[in-house]
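# Structural characterization, general
So the chains spell out like this:
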Protein chains: 2
Amino acid sequence: MLSKKTKYGLKAMTYLARQENNEPVQIGVISKSENISQKFLESILLTLRKNGFLGSKKGKGGGYYLLKDPKDIKMSAVMRILEGPIAMVPCVSLNFYETCDDCPDENACAVHNLMIEVRDSTLNIFNNRSLADLI
Amino acid sequence: MLSKKTKYGLKAMTYLARQENNEPVQIGVISKSENISQKFLESILLTLRKNGFLGSKKGKGGGYYLLKDPKDIKMSAVMRILEGPIAMVPCVSLNFYETCDDCPDENACAVHNLMIEVRDSTLNIFNNRSLADLI
DNA sequence: TATTATCCTATCGGATTACTAGGATATAAA
DNA sequence: TTTATATCCTAGTAATCCGATAGGATAATA
């Protein structure tokens with residue numbers, strides 16, 4: 001299940017992508033327009049900024065804006081920051097790999113191999129979709 | 001993330017699929033072999049039985065067994081019982097559909113359309129893989 | 001009748017999620 | 001230089017979910 005955090009983050013980013021001249025937009029404006037709790041959105045935009053997706057300006061006329069062209073913001077990158085692993089199990093995750101407690105042999109695990117298939121097909125979508133495609 | 005419930009359920013089913021003549025296997029045998037808490041597995045096998053995947057026999061020589069040929073047990077069906085929706089958001093789920101609180105227009109939602117793509121590719125895998133493929 | 005194994009309901013601790021509180025800091029306009 | 005504006009940042013919290021457990025009821029076999 002996609003977390004609200006990820007959903008809200010994606011919606012906010014598409015909102016920013018639609019701005020003329022990449023003008024800064026205030027949190028309150030986005031939160032009202034997209035029906036998102038302002039304080040919650042605040043923390044989400046903060047992590048997006050800390051991870052290099054957004055820039056910010058303080059004071060009057062301030063707000064958040066995209067740091068890159070929407071075409072260059074891959075969904076896989078955003079998903080990994082907001083949602084975490086793309087894989088359904090840690091033992092097939094490329095960026096968040098963990099061994100399973102219960103599995104003596106990963107390659108012999110039936111679930112493992114099925115989940116590799118799912119990961120590959122999902123990753124294929126997220127790698128080939130950018131923020132520009134969402135608009 | 002795939003829940004332990006689903007993972008354990010799938011592992012138990014593949015264990016049963018490997019039995020000669022579809023002989024009943026006791027919970028304790030599976031739980032030991034697959035390193036799964038016996039009581040937890042008990043509840044999982046119970047729901048699989050109630051949903052028509054497994055049959056059971058009480059008393060000595062009893063246990064659980066598959067009710068269908070592994071080839072005829074589609075992953076999509078098992079996933080929906082154990083994990084719930086295959087889609088990442090309820091608003092694109094075919095079997096567990098729910099509207100979003102924050103979305104006034106589903107079709108205009110950027111996240112919505114991306115998640116339809118993901119759902120379709122995942123569903124395509126689960127619909128075309130059976131328990132027999134896991135072995 | 002004793003033993004075996006599933007059936008069933010209820011519960012519980014811990015982790016995660018969605019969200020909130022409250023002030024610190026920086027910027028811009030007056 | 002003051003005031004208003006808006007982000008920055010650290011905690012905290014209520015609610016929910018997950019994984020696992022307890023303990024007995026029921027049914028089948030020997």
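Summarised in this report is the structure supplied together with it. Throughout this document, residue positions are counted from 1 along each chain, in the order its sequence is written. Whichever chain is written first is A, and whichever ligand is written first is 1; the rest continue in order. Local features are withheld for residues below a pLDDT of 70 in this predicted model, meaning they are given only at 70 or higher, and side-chain atom pairs are given and counted only at 80 or more; totals for whole chains, interfaces and linings count all residues. As a rule here, side-chain values come from all non-hydrogen atoms in the structure, and water together with hydrogens is ignored.

### Some thoughts on the pairing of strand β1 (residues 54-57) of chain A
Residue and element names in this part refer to chain A. Two strands qualify as a pair provided DSSP detects at least 2 bridges between them. Per the convention used, a helix needs a DSSP run of H or I reaching at least four residues, while a strand needs a run of E reaching at least two, with both numbered from the N terminus. Sheet topology places β1 next to strand β2 (residues 63-66); four bridges connect them, and they run antiparallel. Among the inter-strand pairings, L54 is bridged to a residue of β2, identified as L66. Linking β1 to β2, which pair antiparallel, is a turn of five residues; within it G59 sits at a positive phi near 75°.

### Notes on the packing of helix α2 (residues 27-34) of chain B against helix α3 (residues 38-50) of chain B
Residue and element names in this part refer to chain B. Axis lines are fitted through C-alpha atoms, for helices just across the contact stretch, and the angle between N-to-C directions can take any value from 0 to 180 degrees. Between α2 and α3, the shortest axis-to-axis distance is 9 Å and the interhelical angle comes to 120°. The pairing of α2 with α3 is recorded here as oblique in orientation. Of the two elements, α2 crosses α3, and the hand of that crossing is right-handed. When α2 is examined against α3, the residues I27, G28, I30 and S31 are found in contact with a partner set consisting of Q38, L41, E42 and L45. Angles are sorted into four bins: roughly parallel if under 35 degrees, roughly antiparallel if over 145, roughly perpendicular if 65 to 115, and oblique for all others. In this scheme the handedness of a crossing depends on how the near helix is turned from the far one: anticlockwise by less than a right angle means left-handed, clockwise means right-handed. Should any heavy atoms of two residues lie within 4.5 Å, those residues are counted as being in contact.

### Structural notes on the protein's contact with DNA strand C
Summary of the distance rule: residues count as near a molecule or strand when at least one heavy atom falls within 4 Å of that molecule or strand. Near DNA strand C there are 24 residues, and of these S37 and K39 of chain A together with E42, S56 and Y64 of chain B occur at the shortest range. Protein-proximal atoms of DNA strand C, defined as those within 4 Å of the protein, fall in sugar or phosphate at a share of 68%. Broken down by secondary-structure element, the contributors of at least two residues to the surface near DNA strand C are α1 (4-17) and α3 (38-50) of chain A together with α3, β1 (54-57) and β2 (63-66) of chain B. Take the surface near DNA strand C: its biggest share by element is five residues, from α3 of chain B. Here the residues of the surface near DNA strand C are counted per class, giving five nonpolar, seven polar and 12 charged. Here the nonpolar group is Ala, Val, Leu, Ile, Met, Phe, Trp, Tyr, Cys and Pro; Asp, Glu, Lys and Arg are the charged ones; every other residue, Gly included, is treated as polar.

### Examining the protein's contact with DNA strand D
Near DNA strand D there are 25 residues, and of these E42, R49, S56 and Y64 of chain A together with K39 of chain B occur at the shortest range. Near-protein atoms of DNA strand D (within 4 Å) split between backbone and bases, with sugar and phosphate holding 70%. In the model, a phosphate oxygen of DNA strand D is placed 2.4 Å from a nitrogen or oxygen of the S56 of chain A side chain. Where the surface near DNA strand D is concerned, the elements lending two or more residues are α3, β1 and β2 of chain A together with α1 (4-17) and α3 of chain B. Among the elements that take part in the surface near DNA strand D, α3 of chain A stands out by supplying five residues, more than any other. Here the residues of the surface near DNA strand D sort into five nonpolar, seven polar and 13 charged. Throughout this description, a polar contact denotes any pair of N or O atoms lying within 3.5 Å of each other; where both atoms belong to protein, one of them has to be capable of donating a hydrogen while the other can accept it, and for residues adjacent in sequence the pair is counted only when both atoms sit in side chains.

### Comments concerning the packing of aromatic side chains
Residue and element names in this part refer to chain A. Any pair of Phe, Tyr and Trp rings, taking the six-membered ring for Trp, is counted once the centres come within 6.5 Å. Such a pair is stacked with planes under 30 degrees apart, edge-to-face with planes over 60 apart, and tilted for the rest. Following the criterion strictly, the structure yields two aromatic pairs over all chains and no others. With a centroid separation of 5.8 Å and 80° between ring planes, the pair formed by Y8 and F40 is classed as edge-to-face. With a gap of 32 residues between them, Y8 in helix α1 and F40 in helix α3 connect regions that are remote in the sequence. Accessibility here uses a 1.4 Å probe with only protein chains present; expressed as a share of the type maximum, an area under 20% marks a residue as buried, one over 50% as exposed, and anything in between as partly exposed. Residue classification places F40 among the partly exposed positions, given a relative accessible area of 34%.

### Description of the state of the cysteines
Residue and element names in this part refer to chain A. Disulfide assignment relies on a single distance test, namely cysteine sulfur atoms paired within 2.5 Å. In this structure the tally under the stated criterion is zero disulfides over all chains. The cysteine C100 is free of any disulfide, with C91 supplying the nearest cysteine sulfur at 3.6 Å. You can see C109 has no disulfide; the closest cysteine sulfur is in C103, sitting 3.6 Å from it. Accessibility expressed as a relative area gives 5% for C109, which makes it buried.

### Some details on the environment of D69 of chain A
Residue and element names in this part refer to chain A. One can find D69 in the loop between β2 and α4 (75-82). Given a relative accessible area of 41%, D69 falls into the partly exposed group. For D69 and L131, which are 62 residues apart along the polypeptide, the C-alpha to C-alpha distance reads 8.6 Å.

### Quick look at the interface of chain A and chain B
Facing 33 residues of chain A, the contacting portion of chain B comprises 33 residues. Buried area: the accessible area, evaluated with a 1.4 Å probe, that two parts lose upon being put together, summed over both parts. Both faces considered, chain A and chain B share a buried interface measuring about 3,000 Å² in area, 69% of it formed by carbon and sulfur atoms. The term salt bridge refers to a pairing of a side-chain nitrogen on Lys or Arg with a carboxyl oxygen on Asp or Glu at a separation within 4 Å. Summed over the shared surface of chain A and chain B, the number is six salt bridges. Notably, a salt bridge pairs D102 of chain A with K11 of chain B, separated by 2.7 Å at the nearest N-O pair. The interface formed by chain A and chain B contains 11 residue pairs in polar contact (both at pLDDT 80 or more). Every element with two or more residues in the side of chain A that touches chain B is listed here: α1, α4 and α5 (110-127) of chain A. Examining the composition of the side of chain A that touches chain B, we find that 10 residues originate from one element, α5 of chain A, more than from any other.

### Overview of the pattern of salt bridges
Applying the stated criterion across every chain yields a total of 12 salt bridges over all chains. Among the ionic pairs, E117 of chain A bridges to R129 of chain B, the shortest N-O distance being 2.7 Å. Of this pair, E117 of chain A sits in helix α5 while R129 of chain B sits in the loop between α5 (110-127) and α6 (131-134), which puts the two residues in different chains. Where K39 of chain B meets E42 of chain B, a salt bridge forms, and the shortest distance between an N and an O atom there is 3.8 Å.

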